[in-house]
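Notes for the structure review
Here is how the chains run, residue by residue.
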Amino acid sequence: MNHYSRIIIAFSSLVALLFSACTKEPDPTTTDDPSNHYDLLVLNEGLWGTNDGSISAINTAEGTVAADLFSSANGRGLGDLAQDAARYGNKLYVVVFGSNTLEVCNPSTLSSIRQISFAGRSPRYIVFHEDKAYVSCYNKYIYQVDTASLTIVDSCRLSGMQPETMCILGTKLYVVNSWQYDANGSPEYDNTLSVVDLVSFQEERKITVGLNPFKVMPVDNSHLLVGYAGNYGSQPSGVEIINLADDSRTDLNTPASGFDICNGYLYTYSFSYTTGQAEYWKTDLSTLSKTQLPIGSGVKTAYGIKVDPATGDIYLTDSQQFRSNGDVRCYSASGTLKWILEVGKGPSKVIIL
């Protein structure tokens, strides 16, 4: 569940939009046969409280989809709100927020190797470093998981609000502190980035960033990119570059609901639930020059983005306002639509295999 899913939890209302998606190439067919070769995995969050998180697999050459591959492989569902997934070594790790679990799977078959309980911790996102996995949780801890024994071995208490995504540079882990409910049940927002030393596994300090940060990614060895959501009203979303030499901030003046970095370029989308409109931009991170991408015709609810470093293809997920199965749309680097394939409910993340 990305930062827009939190609106669903906080306010529990979305306006239904009409389902519309069609293209001629490739000819999309659906199969539940996991033996088909595939090169993309799609994490589908599912709907809150319905235990229908899933993983779809896509064969881009054939235009085929293996729907709910995890259930097919294991005879049980993935769980409630599949939040994050990443491959590390010969395993796929799937964070299931609502079910408080970390599923460890075979990435080829999606058969479960182990289910690690995070009961009462509300796990969110996962990153890896030197045979350890680090999981952020809404109980304001980061947990260290040994990838050999597949057990939780350490924890670090953070001083900010609920942590979301993380990244690692050298021996430092950077994690955004996002939001929480106040005593009256209203959302309040953080504006900090915690710096955790991985040697001592202690929070060292915090860096001031934009309001309600939701994502952090490295630009290079000394700069980070932080996306912030604002307050969904008077204070807008945006993206900024953090210089770790002095913690200075350079705002890119680009609204962002989600983004990816690939080969020196920043790809952003900004979607409004109020207007149903979205913008898509490509920014050269060396010059900060921006180009608007001609993406969006037919997209109902832009929900996730991933750029293939090998081909430059842009994968955009469309949740279809969570009222039906969502889509994955593939665009060329210049923004030309190549294909659309239907996947599961609430597709939020594309993993390139």
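Residues numbered from 1 in each chain as written. Predicted model: local features only at pLDDT ≥ 70, side-chain atom pairs only at ≥ 80, totals over all residues. Heavy atoms only, no water.

Glancing now at the overall build of the chain. Summing up its helical and strand segments, the chain has 2 helices and 29 strands in all. A burial count over the chain gives 53% of its 353 residues as buried. Of the contacts formed within the chain by residues at least 6 apart in sequence, a portion of 46% connects residues at least 24 apart. Within the structure as shown, the chain displays about 14100 Å² of accessible surface, and the carbon and sulfur contribution to it stands at 47%. (Helix = DSSP H or I, 4+ residues; strand = E, 2+ residues; numbered from the N terminus. Buried < 20%, exposed > 50% of the residue type's maximum accessible area, 1.4 Å probe, protein only. Contact = heavy atoms within 4.5 Å. Areas by Shrake-Rupley, 256 points an atom, 1.4 Å probe, with all protein chains shown as cover.)

Let us look at the packing of aromatic side chains. Under the criterion given, the structure shown has 14 aromatic pairs. Residues Trp 48 and Phe 97 carry aromatic rings whose centres are separated by 6.2 Å and whose planes lie at 40° to one another, so their mutual orientation is tilted. Taken as a pair, Trp 48 in the loop between strand E2 (40-44) and strand E3 (54-59) and Phe 97 in the loop between strand E6 (91-96) and strand E7 (101-105) lie far apart in primary sequence, 49 residues in all. Trp 48 gets classed as partly exposed once you look at its relative accessible area, which sits at 48%. Residue classification places Phe 97 among the buried residues on the basis of a relative accessible area of 8%. Between Phe 118 and Tyr 143, the aromatic rings sit 5.8 Å apart at their centres with planes inclined by 85°, giving edge-to-face as the arrangement. Of this pair, Phe 118 sits in the loop between strand E8 (112-117) and strand E9 (123-129) while Tyr 143 sits in strand E11 (residues 141-146), and the two are 25 residues apart along the sequence. Comparing Phe 118 with Tyr 143, the two get one shared label, buried. Linked through ring pairs, Trp 48, Phe 97, Tyr 138, Trp 179 and Tyr 181 together constitute an aromatic cluster. (Phe/Tyr/Trp six-rings, centres within 6.5 Å; stacked < 30°, edge-to-face > 60°.)

Okay, the sheet that holds strand E18 (residues 223-228) next. Spatially, E17-E18-E19-E20 is the arrangement adopted by the 4 strands of the open sheet, whose pairing is antiparallel. The open sheet terminates on both sides in strands that have one partner only, identified here as strand E17 (213-218) and strand E20 (248-251). Each adjacent strand pair in this sheet contributes to an overall mean axis angle of 25°, direction not counted. Where E17 and E18 come together, 5 bridges link them in antiparallel fashion. Looking at the pairing, Lys 215 lines up with Gly 227 of E18. (Pairing = 2+ DSSP bridges. Axes fitted to C-alpha atoms, helices over the stretch in contact; angles between N-to-C directions.)

We now examine the environment of Asn 106. Position of Asn 106 among the secondary structure elements: in the loop between E7 and E8. Taking relative accessible area as the criterion, Asn 106 reaches 27% and is therefore assigned partly exposed. Taking the C-alpha atoms as reference points, Asn 106 and Phe 70, separated by 36 residues in sequence, lie 10.0 Å from one another. Those residues in contact with Asn 106 that lie beyond four places of it in its chain are Ser 111 and Ile 113. Within polar-contact distance, the side chain of Asn 106 engages the backbone nitrogen of Thr 109 at 3.3 Å. (Polar contact = N/O pair within 3.5 Å; in protein donor to acceptor, adjacent residues only side chain to side chain.)

Bringing the sheet that holds E9 into the picture now. One open sheet holds the 4 strands; their spatial order is E9-E10-E11-E12, and the pairing between them is antiparallel. The open sheet has two edge strands, E9 and strand E12 (151-157), and neither has a second partner. Between one strand axis and the next, the sheet turns by 25° as a mean value, whatever way the strands run. In this structure, E11 lies alongside E12, joined through 6 bridges in antiparallel fashion. Paired with Asp 146 across the two strands is Thr 151, which belongs to E12.

Enumeration according to the criterion identifies 9 salt bridges in this entry. The partner of Arg 76 in a salt bridge is Glu 103, with the nearest N and O atoms 2.8 Å apart. Highlighted residues: Arg 76 in the loop between helix H2 (69-74) and strand E5 (82-88) and Glu 103 in strand E7, separated in sequence by 27 residues. With relative accessibility at 32%, the residue Arg 76 sits in the partly exposed group. Residue classification places Glu 103 among the buried residues on the basis of a relative accessible area of 0%. Because the salt bridges share partners, they merge into one network encompassing Lys 172, Asp 197 and Glu 204. (Salt bridge = Lys/Arg side-chain N within 4 Å of Asp/Glu carboxyl O.)

Quick look at the side chain of Ser 237 now. Tracing the backbone shows Ser 237 in the loop between E18 and strand E19 (238-243). Within the structure, the side chain of Ser 237 is placed 3.0 Å from the backbone nitrogen of Ala 256, a separation counted as a polar contact. In this view, Ser 237 contacts Tyr 228, Ala 229, Gly 230, Thr 254, Pro 255 and Ala 256; residues no more than four positions away in its chain are not counted.

A few words now on the confidence of the model for the chain. In this model, the chain carries an average pLDDT of 91, and 90% of its residues clear a pLDDT of 70 or more. Under a pLDDT of 50 for its full length, residues 3-35 has, in the predicted model, 87 contacts with residues more than four places off or in other chains. (pLDDT = per-residue confidence, 0-100.)

A word on the environment of Ser 272. Mapped onto the elements, Ser 272 comes out in the loop between strand E22 (265-271) and strand E23 (278-284). Expressed as a C-alpha distance, the spacing of Ser 272 and Ala 302, which sit 30 residues apart in the sequence, is 9.2 Å.

Here we take up the pairing of strand E13 (residues 163-169). Most of E13 sits inside the fold, with 7 of its 7 residues counted as buried. Counting the residues between successive antiparallel strands, the hairpin from E13 to strand E14 (residues 172-181) contains 2 residues, one of them, Gly 170, with a positive phi of roughly 60°.

The next subject is the side chain of Thr 283. With respect to the helices and strands, the residue Thr 283 is situated in strand E23. According to the relative accessible area criterion, Thr 283 is buried, its value standing at 1%. With near-sequence residues (within four places) excluded, Thr 283 lies in contact with Gly 264, Tyr 265, Leu 266, Leu 288, Ser 289 and Lys 290.

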